[in-house]
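Residue-level structure breakdown
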Amino acid sequence: MAEIKPTGASGENNAEDLRPDWKIFVPGLLIVLLISLPAVIVPKAAESVLTAIYEPFAANFGTLYLWITVGLIFLCFYFAFSRWGDIKFGEPDEKPQFALPSWIAMIFCSGVGGAIMFWAITEPLWNILIPPQYADPMSTQAYDWALAYLLMHWGPNAWCTYLITALPIAYMFYIRKEPFLRVSTATEMIIGQRMARGWLGLCIDVFFILGLMFCTAVTMCLSLPTVAYALQSVFGINPNLTTQVVILAFSGLVAGYTVYRGLDKGIKWLSDVNVILALLLAAYCFFAGPTVQLFNIFTNAFGKWLGNYPNMVFWTDPWGGGSFPQDWTIFYALFWAGFGPFMGLFIARISRGRTVREIILWGMTGTVSGGCLMHGIFGSYSLYVQHAGILDAVSILKAEGGAAAMVAVLGTLPFKEVVLVAYCLLSTIFLATTVNSGSYVVASTATRRLSPDSEPHRLHRTFWCLVQCILALGMICMGGLGVAKMFGNFSGALMALPSLLLTFCWLKIIRTDGPSVLRKYQTKL
């Protein structure tokens with residue numbers, strides 16, 4: 001096997017050029033505006049169009065994504081524990097660019113956004129109201145399944161796509177030293193350089209930008225109403241559209257400032273602050289609430305999840321005709337697929353100096369542990385207050401929606417005003433970390449040439465932060481959890497094929513280049 005040589009090794013082809021690549025920039029921007037502006041101007045008509053596209057797709061192809069998700073989980077662990085886990089993205093003696101805690105924090109905060117708090121409290125309530133596995137509503141069996149399904153949805157199912165799509169992108173950027181941080185560049189091993197840098201590569205990158213924008217807009221749409229209801233509970237502010245727009249503007253300013261500051265001084269710093277605040281709020285809920293009961297509820301759900309995983313992930317309710325699999329398990333599979341290439345590109349950018357094994361094992365362990373912590377505490381508390389009769393959160397959920405139910409549950413904790421203000425701050429920062437990393441990734445894709453030591457132009461990455469906020473504004477105007485789910489599933493449909501293509505690219509890379517790469521880059525953990 002010939003030694004692998006960088007394809008952008010020297011000369012003009014490797015020269016850094018931080019100007020926008022207009023072939024990607026202009027089509028991506030136009031498509032986002034063509035979707036977001038009608039959503040603001042004629043929201044009902046835009047919602048009808050999305051519904052007409054989404055419903056047939058979810059009914060006919062949704063189950064396929066469950067198989068894809070499980071397949072990606074198996075491939076992740078194969079890559080980690082095989083000899084290919086020794087491949088290092090960087091020079092053999094190169095140290096990781098970011099410390100492990102900060103690296104995990106950036107992945108976790110960018111991947112979950114402000115939605116993690118919303119779903120941690122509201123999804124278990126939905127699961128006891130409309131339960132899976134043929135359980136009766138509000139029954140003991142419904143409570144038994146409720147948190148277990150939440151843990152499954154946010155476990156390895158969520159992170160496998162992120163981690164596996166990072167591998168070919170990091171390979172092309174740090175080992176082949178291609179001066180492009182793009183999904184299309186990573187697909188060169190399958191479609192060839194001419195196609196990857198031609199019309200097909202352009203389509204891949206434009207649809208990548210579109211899928212990323214949809215997913216971050218979904219996160220905003222879920223987070224903003226809950227912050228508005230929390231402010232109403234504490235300060236009496238009306239949680240109307242104007243309030244949500246103000247919150248959106250504030251989150252956008254935080255995201256814009258941190259992405260302007262760059263990876264190390266902006267995104268990394270905000271992620272570290274975010275994790276500290278999340279841990280403090282989770283610890284307060286755990287110790288101020290019924291600590292023993294919360295631990296028991298989580299332990300029971302964790303065991304239920306581990307012991308029934310195949311049955312849970314593949315349950316499609318073919319005989320009952322219920323909508324739970326489509327509303328939740330398939331929705332999440334599509335949502336994570338939509339985020340996959342975005343998070344893969346972001347993880348690749350921050351993983352210089354790390355091995356395949358480190359990326360998968362540390363990435364999976366850190367993120368799944370963070371999800372279990374947040375959902376285990378807040379999800380258990382949500383079920384506890386409902387079951388103990390402290391609060392009829394399910395009735396609030398049905399009458400006023402998820403945002404009101406979430407704020408009501410948090411309001412049962414001691415010093416509820418302090419808790420709700422802390423939640424507002426945490427949710428806003430969670431949201432900003434998703435938006436700033438998304439802006440950074442889109443700007444990287446739409447930049448002409450990048451080197452591992454450079455970043456997209458500050459104004460370029462800040463501009464995409466503004467565009468994300470405009471799309472989120474359109475979704476808020478349409479309103480509703482159902483609209484957010486449609487956007488999430490639509491983005492998943494757009495990004496599932498690129499995610500699979502990147503997976504096949506990595507399989508070809510290790511088959512064709514793997515042995516020579518190992519000889520040069522092999523290292524020990």
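Rules used in this analysis
Residues numbered from 1 in each chain as written. Predicted model: local features only at pLDDT ≥ 70, side-chain atom pairs only at ≥ 80, totals over all residues. Heavy atoms only, no water. Axes fitted to C-alpha atoms, helices over the stretch in contact; angles between N-to-C directions. Helix = DSSP H or I, 4+ residues; strand = E, 2+ residues; numbered from the N terminus. Parallel < 35°, antiparallel > 145°, perpendicular 65-115°, else oblique. Left-handed = near helix turned anticlockwise from the far one by under 90°. Nonpolar A, V, L, I, M, F, W, Y, C, P; charged D, E, K, R; others polar. Core = buried A, V, L, I, M, F, W, Y, C linked by side-chain atoms within 4.5 Å. Buried < 20%, exposed > 50% of the residue type's maximum accessible area, 1.4 Å probe, protein only. Contact = heavy atoms within 4.5 Å. Expected span 1.5 Å × (residues − 1). Phe/Tyr/Trp six-rings, centres within 6.5 Å; stacked < 30°, edge-to-face > 60°. Disulfide = S-S within 2.5 Å. Polar contact = N/O pair within 3.5 Å; in protein donor to acceptor, adjacent residues only side chain to side chain. pLDDT = per-residue confidence, 0-100. Salt bridge = Lys/Arg side-chain N within 4 Å of Asp/Glu carboxyl O.

Where helix α10 (residues 199-235) contacts helix α19 (residues 416-445), the axes come no closer than 9 Å and their chain directions differ by 165 degrees. Taken together, the axes of α10 and α19 lie roughly antiparallel to each other. Like other packed secondary-structure pairs, α10 and α19 cross with a definite hand, here left-handed. Counted by class, the contact of α10 with α19 contains 19 nonpolar, 9 polar and 3 charged residues.

Counting 168 residues, the largest nonpolar core has I87, F89, W159, F378, W464 and W506 as its most contacted members. Ranked by residue count, the leading element in this core is α10, at 18 residues. Formed by 7 residues, the second largest nonpolar core is a distinct cluster that contains Y65, L66, A333 and L334.

Before going further, it helps to examine the packing of α10 against helix α18 (residues 402-410). Each pair of packed helices gets described by two things: the angle between the helix axes and the distance between those axes. At their nearest, the axes of α10 and α18 sit 8 Å apart, and the two run at 50 degrees to each other. Judged on the interaxial angle alone, α18 and α10 are oblique. For the pair α10 and α18, the crossing hand works out as right-handed. In this structure, α10 uses P225, T226, Y229, A230 and S233 to contact α18, whose residues at the interface are A403, A404, M406 and V407. Across the contact of α10 with α18, the residue classes tally to 7 nonpolar, 2 polar and no charged.

Our next topic: helix α16 (residues 356-387). Its 32 residues place the ends of α16 44 Å apart at the C-alpha level, agreeing with the 46 Å of an ideal helix rising 1.5 Å per residue. With 25 of 32 residues buried, α16 lies mostly within the body of the structure. Of the residues one or two after α16, G389 is the one with positive phi, at around 80 degrees.

Here the phi dihedral of Q133 falls at roughly 55 degrees; this positive angle occurs in a residue that is not glycine. Here Q133 lies in the loop between α4 (115-129) and α5 (140-153). At F415, a position not held by glycine, the phi torsion is positive, near 55 degrees. On the secondary structure map, F415 appears in the loop between α18 and α19.

By the element assignment, P225 lies in helix α10. Sequence spacing of P225 and N240 is 15 residues, and the spatial spacing of their C-alpha atoms is 8.4 Å. Apart from the residues lying within four places of it in its own chain, the contact partners of P225 are M220, Q244 and A403.

It is worth spelling out the packing of aromatic side chains at this point. Within the structure shown, the criterion is met by 31 aromatic pairs. Between F173 and Y174 the ring centres are 5.1 Å apart and the planes differ by 70 degrees, which places this aromatic pair in the edge-to-face class. No difference in accessibility class separates F173 from Y174, as the two residues are buried. Ring geometry for F298 against F302: centres 5.7 Å apart, planes inclined by 40 degrees, an arrangement best described as tilted. You can see F298 and its partner F302 sitting in helix α13 (residues 291-307), 4 residues apart, about one turn around the helix.

On to the environment of V517, then. The residue V517 is located in helix α22 (residues 514-521) in this model. By relative accessible area, V517 is classed as buried at 2%.

Here the focus is the state of the cysteines. All told, the structure shown has 0 disulfides when counted by the stated rule. Its sulfur unpaired, C76 is 5.6 Å from the next cysteine sulfur, which belongs to C160. On the basis of relative accessible area, C76 is assigned to the buried category, the value being 0%.

For S454, the position within the fold is in the loop between β2 (447-449) and α20 (458-478). A polar side-chain atom of S454 sits 2.9 Å from the main-chain amide nitrogen of S451. Contact partners of S454, with chain neighbours within four places excluded, come to E16, L18, R349 and Y440.

As for its position among the elements, L75 is in helix α2 (residues 43-81). Along the backbone, L75 and C160 are 85 residues apart, and their C-alpha atoms lie at a distance of 8.7 Å. Once residues within four sequence positions are removed from consideration, L75 is found in contact with I164 and T503.

So, about helix α12 (residues 263-288). With 26 residues, α12 ought to run about 38 Å at 1.5 Å a step, and its terminal C-alpha atoms sit 36 Å apart, in line with that. Regarding α12, the residues found buried are L263, G266, I267, L270, S271, N274, A278, L281, A282, C285 and F286.

Right, let's get into the confidence of the model for the protein chain. Considering every residue of the protein chain, the mean pLDDT works out to 85; 88% of them sit at 70 or more. Note that residues 1-5 has pLDDT below 50 and, in this model, 13 contacts with residues that lie over four places away or in other chains.

Take the pattern of salt bridges next. A complete count under the given rule lists 11 salt bridges for this structure. In this structure, K177 and E91 form a salt bridge, with 3.7 Å as the shortest nitrogen-oxygen distance. Here E91 lies in the loop between α2 and α3 (100-112) and K177 lies in the loop between α6 (156-175) and α7 (183-186), a separation of 86 residues in the sequence. In this structure, the salt-bridge partner of R354 is E358, at a minimum N-O distance of 3.8 Å. Comparing R354 with E358, the two get one shared label, buried. One network of salt bridges, with partners in common, ties together D21, K23 and R182.

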